[in-house]
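As a plain string of letters, each chain reads:
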Amino acid sequence: MSQFPQVKDTLQLIEKLVSIPSPSGNTRKVIDSCEQYLENLGLEMKRNRKGGLLITIPGKNKEQHRMLTAHVDTLGAMVKEIKSNGRLKPTMIGGFRWNSVEGEYCKIETDSGKTYTGTILMKQTSVHVYKDAGEAKRNEQNIEVRIDEITKSEEETRKLGINVGDFVSFDPRVQITPSGYIKSRHLDDKASTAILLQLIKHIQSEKIELPYTTHFLISNNEEIGYGGNANISPETVEYLAVDMGALGEGQASDEYTVSICAKDSSGPYHYGLRKHLVQLAKDNNIDYKVDIYPYYGSDASAAINAGHDIVHGLVGPGIESSHAFERTHESSLINTEKLLFAYVMSPITEI
């Protein structure tokens, strides 16, 4: 197996990506960054109308194609209302719980491109004032954004240029530890995006001939359900979403292996492709786990739901505390990188 780039390069790229705000619906800057990372490599790249980035590497077989996708859109929020006290009532972008972002620093981006910092808080935060500070429901009625500007009214906030519909992004608080962990918001799915970008760069830089023409989609609407359900060429036979393994009680996945999904809320993934991925892991001494994610959907399942006649699969690094303050280990990134490289060099799955 050809030597993949050092994991420290992948970690640094993840750190860069998670530091670029990109809630679903506002992803141009991070897509720009992905495109810039791959520039000067002579790649065929284009933007789709959704704003995602599609990269194609011709292979020896041009009759049967593969597609791999990872997404750069993240959880976030949008200004729903400017309150009479000048604070903001947010509405969710993506599926998370308000308690997972309570107390988090954030940025508000206006239509003009100006940004303000703030904090996501319960309006009943102070235990010195509110008897029910601990018991009050964490919901849209009680959560608000405190802006780091002198504003005491709706009018003063509007004078800042803040309006309904402005995007709110969460501070990633990214850290890479000496023990090999990376902890940050938005590892879903910027960890896998970094892995795919590294894979593309490695293939192109080393002039590796792929057995099949392979498309790579950096999608930007996965968190709201439709990032990768289009731009699939009619020659595409296999579609592999590179997302994350969801960890928790009763789950097989962990932070140290590559997770291969057998089933999620959309149903089973293609059995033949799953077995093919498992065999590749065994043949290449790659640490893996097969798992089922009960409350999960991917770009691959979105493509199936859109009616595409494809073989679909899902793999990714194991991510602890998904849709909250996430963490994974470099060994999981390495195992995912190895499996993906083995996969793009392997034969198409027999149907």
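Up top is the structure.
A brief report on the enclosed structure follows. (Residues numbered from 1 in each chain as written. Predicted model: local features only at pLDDT ≥ 70, side-chain atom pairs only at ≥ 80, totals over all residues. Heavy atoms only, no water.)

What follows is about the packing of helix α1 (residues 7-18) against helix α2 (residues 28-38). At a minimum axis separation of 10 Å, α1 and α2 run at an interaxial angle of 150 degrees. Taken together, the axes of α1 and α2 are roughly antiparallel relative to one another. Note on element contacts: α2 touches α1 through V30, S33, C34 and Y37, opposite L13, K16 and L17. Class assignment for the residues of the contact of α1 with α2 results in 5 nonpolar, 1 polar and 1 charged. (Axes fitted to C-alpha atoms, helices over the stretch in contact; angles between N-to-C directions. Helix = DSSP H or I, 4+ residues; strand = E, 2+ residues; numbered from the N terminus. Parallel < 35°, antiparallel > 145°, perpendicular 65-115°, else oblique. Contact = heavy atoms within 4.5 Å. Nonpolar A, V, L, I, M, F, W, Y, C, P; charged D, E, K, R; others polar.)

Of the volumes computed, that of the largest pocket is approximately 520 Å³. M244, Y295, Y296, S322 and H323 are, among the 24 residues lining the largest pocket, the residues nearest its centre. Per-class residue counts for the lining of the largest pocket are 9 nonpolar, 9 polar and 6 charged. Approximately 220 Å³ is the volume attributed to the second largest pocket. Contributions of two or more residues to the lining of the second largest pocket are made by β6 (105-109), β7 (115-122) and β9 (167-170). (1 Å grid on protein atoms, 1.4 Å probe; cavity = no way out; pocket = protein on both sides within 12 Å on 5 of 7 lines; lining within 4 Å. Points joined across faces, edges and corners; volume = space filled by probe spheres on them.)

The subject of this paragraph is the nonpolar core. Ranked by internal contacts, the top residues of the largest apolar core, which has 69 residues, are L68, F216 and L340. Beyond its immediate stretch of four places on either side in the chain, L340 contacts L68, I195, L196, L199, L240, V242 and V315. Membership of the second largest hydrophobic core comes to 20 residues, among which are L88, I108, I147 and I162. (Core = buried A, V, L, I, M, F, W, Y, C linked by side-chain atoms within 4.5 Å. Buried < 20%, exposed > 50% of the residue type's maximum accessible area, 1.4 Å probe, protein only.)

This part is about the pattern of salt bridges. This model, assessed by the stated rule, comprises 14 salt bridges. Here R327 and E255 are joined by a salt bridge, their closest N and O atoms 2.7 Å apart. Of this pair, R327 sits in strand β19 (residues 326-329) while E255 is found in the loop between β14 (245-246) and β15 (258-264), placing the two residues 72 residues apart along the sequence. Among the residues examined, R327 registers a relative accessible area of 28% and is labelled partly exposed. Of the residues examined, E255 reaches a relative accessible area of 6% and is grouped as buried. (Salt bridge = Lys/Arg side-chain N within 4 Å of Asp/Glu carboxyl O.)

Okay, helix α4 (residues 187-205) next. Relative to the 27 Å expected for 19 residues at 1.5 Å per residue, α4 spans 26 Å between its end C-alpha atoms, a close match to the ideal helical length. Of all 19 residues in α4, 16 are buried, a share of seventy percent or more. Downstream of α4 by one or two residues, K207 has phi in the positive range, about 55 degrees. (Expected span 1.5 Å × (residues − 1).)

To find leftover empty space, one rolls a probe the size of a water molecule over the atoms. Across all of its chains, the model carries 1 cavity of 30 Å³ or more by this definition. In this structure, the largest cavity occupies an estimated 70 Å³ of space. What lines the largest cavity is L75, F96, V101, F170, R185, H186, D188, E223, H323, A324 and E326. A class-by-class count of the residues in the lining of the largest cavity yields 5 nonpolar, 2 polar and 4 charged.

The subject of this paragraph is the environment of H215. Structurally, H215 can be placed in strand β12 (residues 210-219). Judged by its relative accessible area of 9%, H215 falls in the buried class. Residues H215 and I147, 68 residues apart in the sequence, show an inter-C-alpha distance of 42 Å. What H215 contacts, discounting residues up to four positions off in sequence, is L54, I55, T56, H65, R66, M67, L68, S233 and T236.

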